[in-house]
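# A look at the structure
The residues making up each chain are set out below.
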Amino acid sequence: MRIAVCDDLKTEREKTINAIKEVMGDFVSEEFDDGRELLKSHAERPFDIIFLDIIMPEISGMETATKLREHDKKTPIVFISTSEEFGVQSYRVLAFDYLIKPIDTGLLASCMKRLCERQRENLHLSVTYSGTKTDILLSNIQCIESNLRKVIFTLTREREIEVVGKLSDYEEFLTANGV
């Protein structure tokens, strides 16, 4: 997971990164002391999640999030602030969560768990079904079986998709994503 931490104070960035390490273990992070640099880096190579301080001198976290949302509505933003003042406003930029400093690791763990669940719900497997590329949401897969050179995906609502191939064609992706 690639994480951005944007806070104008280096000590606060370090505290945030240490809290994330305590909750998640391994991850790749980049630090920013300014929203403009974060936006530039995110445009070149998007982050999986952004931790963003709200009160910063050059460009506020709220302004940064507003600019980000002009081009990216999906990347989760977790605001971190010493003030609850901007909590309601954070909904306008589709914030995933709003944490108060110092970060409570229990609340952070809950936030990250919800984020991982949401990302898993959106994961899909691409297959060719009846000559058309079809995406199957992993959360819809109930059962997978292999019969000769066919793979049968049993989905929610008693639907089935049968594709030509071997189970091993999908095994690595499915195993890596907990199916």
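Above this text you will find the structure in question.
Residues numbered from 1 in each chain as written. Predicted model: local features only at pLDDT ≥ 70, side-chain atom pairs only at ≥ 80, totals over all residues. Heavy atoms only, no water.

Looking only at helices and strands, one finds six helices and ten strands in the chain. What you see for the chain is a C-alpha radius of gyration of 20 Å, clearly larger than the 16 Å of a compact globule of 179 residues, by over 25%. Based on the C-alpha atoms only, the size of the chain along its principal axes is roughly 65 × 30 × 30 Å. When contacts within the chain are restricted to residue pairs at least 6 apart in sequence, those whose partners lie at least 24 apart make up 48%. Surface accessibility of the chain: about 10,700 Å² in total, with carbon and sulfur atoms responsible for 49%. Of note, the chain has its 24 positive side-chain charges centred 4 Å away from the centre of its 32 negative side-chain charges. (Helix = DSSP H or I, 4+ residues; strand = E, 2+ residues; numbered from the N terminus. Rg over C-alpha atoms; globule rule 2.2 N^0.38 Å. Contact = heavy atoms within 4.5 Å. Areas by Shrake-Rupley, 256 points an atom, 1.4 Å probe, with all protein chains shown as cover. Lys, Arg positive; Asp, Glu negative; His and termini not counted. Charge placed at Lys NZ, Arg CZ, Asp CG, Glu CD.)

This brings us to the pattern of salt bridges. A complete count under the given rule lists nine salt bridges for this structure. Here glutamate 12 and lysine 15 are joined by a salt bridge, their closest N and O atoms 3.5 Å apart. Within this pair, glutamate 12 and its partner lysine 15 are both found in helix α1 (residues 10-24), separated by three residues, close to a single helical turn. Here aspartate 97 ties to arginine 114 by a salt bridge, and the two come within 2.5 Å at their closest N and O atoms. (Salt bridge = Lys/Arg side-chain N within 4 Å of Asp/Glu carboxyl O.)

This brings us to empty space enclosed by the protein. The tally for this structure, following the rule as stated, stands at one cavity of 30 Å³ or more. Taken as a whole, the largest cavity spans an internal volume of roughly 30 Å³. Every residue along the wall of the largest cavity is listed here: Leu38, Leu39, Ile50, Leu52, Thr64, Ala65, Leu68 and Ile77. Those elements that provide at least two residues to the lining of the largest cavity are α2 (35-44), β3 (49-53) and α3 (61-69). (1 Å grid on protein atoms, 1.4 Å probe; cavity = no way out; pocket = protein on both sides within 12 Å on 5 of 7 lines; lining within 4 Å. Points joined across faces, edges and corners; volume = space filled by probe spheres on them.)

Summarising the sheet, strand β1 (residues 2-6) and strand β2 (residues 28-32) pair through five bridges and their orientation is parallel. Opposite arginine 2, over in β2, you have valine 28 as the bridge partner. Since β1 and β2 lie parallel, the crossover through α1 that links them has a hand, and here it is right-handed. (Pairing = 2+ DSSP bridges. Right-handed = clockwise from strand over helix to strand, strands pointing away.)

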